[in-house]
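# Analysis of the macromolecular model
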Amino acid sequence: MNKKKDKIFREDVLKLIEEMSGCDAQDAEAKGWDAACDALYEAVRKLK
């Protein structure tokens, strides 16, 4: 595996997370999914 080809920009990762979240359903599983996506988004955003 060539790591140089595997690099991805933080903005691209954040966009992917945004696209995966936001289902806005009311059941517990959907709310959990959105909460997990929010937590992941914040963790990636804060990376140095």
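Here we take up the environment of A35. Counting through the fold element by element, A35 comes out in helix α2 (residues 28-46). Measuring from C-alpha to C-alpha, the distance between A35 and G22 comes to 9.4 Å, with 13 residues separating the pair along the chain.

Here the focus is the packing of helix α1 (residues 10-20) against α2. Where α1 meets α2, the axes come as close as 9 Å, and the angle between the chain directions of the two elements is 170°. The pairing of α1 with α2 is recorded here as roughly antiparallel in orientation. From α1, R10, V13, L14, I17, E18 and M20 reach across to α2, where they touch W33, C37, L40, Y41, V44, R45 and K46. Tallied by class, the residues present in the contact of α1 with α2 amount to 9 nonpolar, no polar and 4 charged.

Once that is clear, we can look at the pattern of salt bridges. What the rule picks out here adds up to 2 salt bridges. Note that K15 and E19 form a salt bridge whose closest N and O atoms lie 3.7 Å from each other. With K15 and E19 both in helix α1 and 4 residues apart, this pair spans about one turn of that helix. In this structure K15 comes out as partly exposed when scored by relative accessible area, which is 49%. Judged by relative accessible area, which is 53%, E19 ranks as exposed. R45 is the salt-bridge partner of E42, the closest N and O atoms lying 2.7 Å from each other. Of this pair, E42 and R45 are both found in helix α2, 3 residues apart, which corresponds to roughly one turn of the helix.

Calculation rules
Residues numbered from 1 in each chain as written. Predicted model: local features only at pLDDT ≥ 70, side-chain atom pairs only at ≥ 80, totals over all residues. Heavy atoms only, no water. Helix = DSSP H or I, 4+ residues; strand = E, 2+ residues; numbered from the N terminus. Axes fitted to C-alpha atoms, helices over the stretch in contact; angles between N-to-C directions. Parallel < 35°, antiparallel > 145°, perpendicular 65-115°, else oblique. Contact = heavy atoms within 4.5 Å. Nonpolar A, V, L, I, M, F, W, Y, C, P; charged D, E, K, R; others polar. Salt bridge = Lys/Arg side-chain N within 4 Å of Asp/Glu carboxyl O. Buried < 20%, exposed > 50% of the residue type's maximum accessible area, 1.4 Å probe, protein only.

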